[in-house]
Amino acid sequence: MTETRMVSLSKIRDNPWRDRVRNPIVPERVESIATSINKTGKYWLGTYGRDAEDGFVELAFGHHRYEAAKAQGLEEIPITIEAFTDRSEEHTSELQSRQ
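It should be emphasised that the depicted structure is a prediction, and the values quoted were computed from it without experimental measurement. (Residues numbered from 1 in each chain as written. Predicted model: local features only at pLDDT ≥ 70, side-chain atom pairs only at ≥ 80, totals over all residues. Heavy atoms only, no water.)

Overview of the packing of aromatic side chains
Tallied over the full model, the rule gives two aromatic pairs. When the ring of Tyr-48 is compared with that of Phe-61, the centres are 5.9 Å apart and the planes differ by 85 degrees; the resulting orientation is edge-to-face. Taken as a pair, Tyr-48 in strand E3 (residues 48–51) and Phe-61 in strand E4 (residues 57–61) lie far apart in primary sequence, 13 residues in all. Overall, the relative accessible area of 28% leaves Tyr-48 in the partly exposed class. Members of the aromatic cluster, each reached through a chain of ring pairs, are Tyr-48, Phe-61 and Phe-84. Geometry around Phe-56 places Lys-11 over its ring, the cationic atom sitting 4.8 Å from the centre. (Phe/Tyr/Trp six-rings, centres within 6.5 Å; stacked < 30°, edge-to-face > 60°. Helix = DSSP H or I, 4+ residues; strand = E, 2+ residues; numbered from the N terminus. Buried < 20%, exposed > 50% of the residue type's maximum accessible area, 1.4 Å probe, protein only. Lys NZ or Arg CZ within 6 Å of the ring centre and 35° of its normal.)

Some remarks on the environment of Met-6
Along the chain, Met-6 falls in strand E1 (residues 3–8). Since its relative accessible area comes to 47%, Met-6 is described here as partly exposed. Residues Met-6 and Glu-76, spaced 70 residues apart in sequence, show a C-alpha to C-alpha distance of 6.0 Å. Excluding residues that lie within four positions of it along the chain, Met-6 makes contacts with Glu-76, Ile-77 and Pro-78. (Contact = heavy atoms within 4.5 Å.)

Observations regarding the nonpolar core
Formed by 16 residues in total, the largest nonpolar core has its most connected members in Leu-9, Ile-12, Tyr-66, Ala-68, Ile-77 and Ile-79. Where this core is concerned, the elements lending two or more residues are helix H1 (27–40), E4, helix H2 (63–71) and strand E5 (76–81). Sorting elements by how many residues they give to this core places H1 first, with four residues. When residues no more than four places from it in sequence are discounted, the contact partners of Leu-9 are Tyr-66, Ala-69, Lys-70, Leu-74, Glu-75, Glu-76 and Ile-77. (Core = buried A, V, L, I, M, F, W, Y, C linked by side-chain atoms within 4.5 Å.)

Examining the sheet that holds E4
Overall, mixed pairing links the five strands, which are arranged E1-E5-E3-E4-E2 in an open sheet. Either end of the sheet is taken by a strand with one partner, and the two such strands are E1 and strand E2 (12–13). Against the sheet, H2 contacts E2, E4 and E5, and its axis sits at roughly 125 degrees relative to E4. (Pairing = 2+ DSSP bridges. Axes fitted to C-alpha atoms, helices over the stretch in contact; angles between N-to-C directions.)

Description of the pairing of E5
Taken across its six residues, E5 has five buried, putting it largely inside the fold. The pairing of E1 with E5 spans six bridges and is antiparallel. Bridge assignment links Met-6 to a residue of E5, and that residue is Pro-78. With two bridges connecting them, E3 and E5 associate as parallel partners. The residue bridging Tyr-48 from the neighbouring strand is Thr-80, located in E5.

So this is what it looks like as structure tokens:
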């Protein structure tokens, strides 16, 4: 089941499969998104994750948006929650690192 809900930034953690060497957070992208949030007052959808057993949400997509939200001092963001498996998160990270 897919749902979008507001999630506290303190309850979000990175995808454990994300390769930050091959797919790093790009400061310019974060700054651009943060500027958009500041100008429009809106955090646009595009962040996806899955529920973890310990009550956290693990990011699958939208790492730059998450970093921009932190930079803007937001307390929570909308995340589309899907039933990603470990393999699908690993595959997603592999695809992102090739871009």
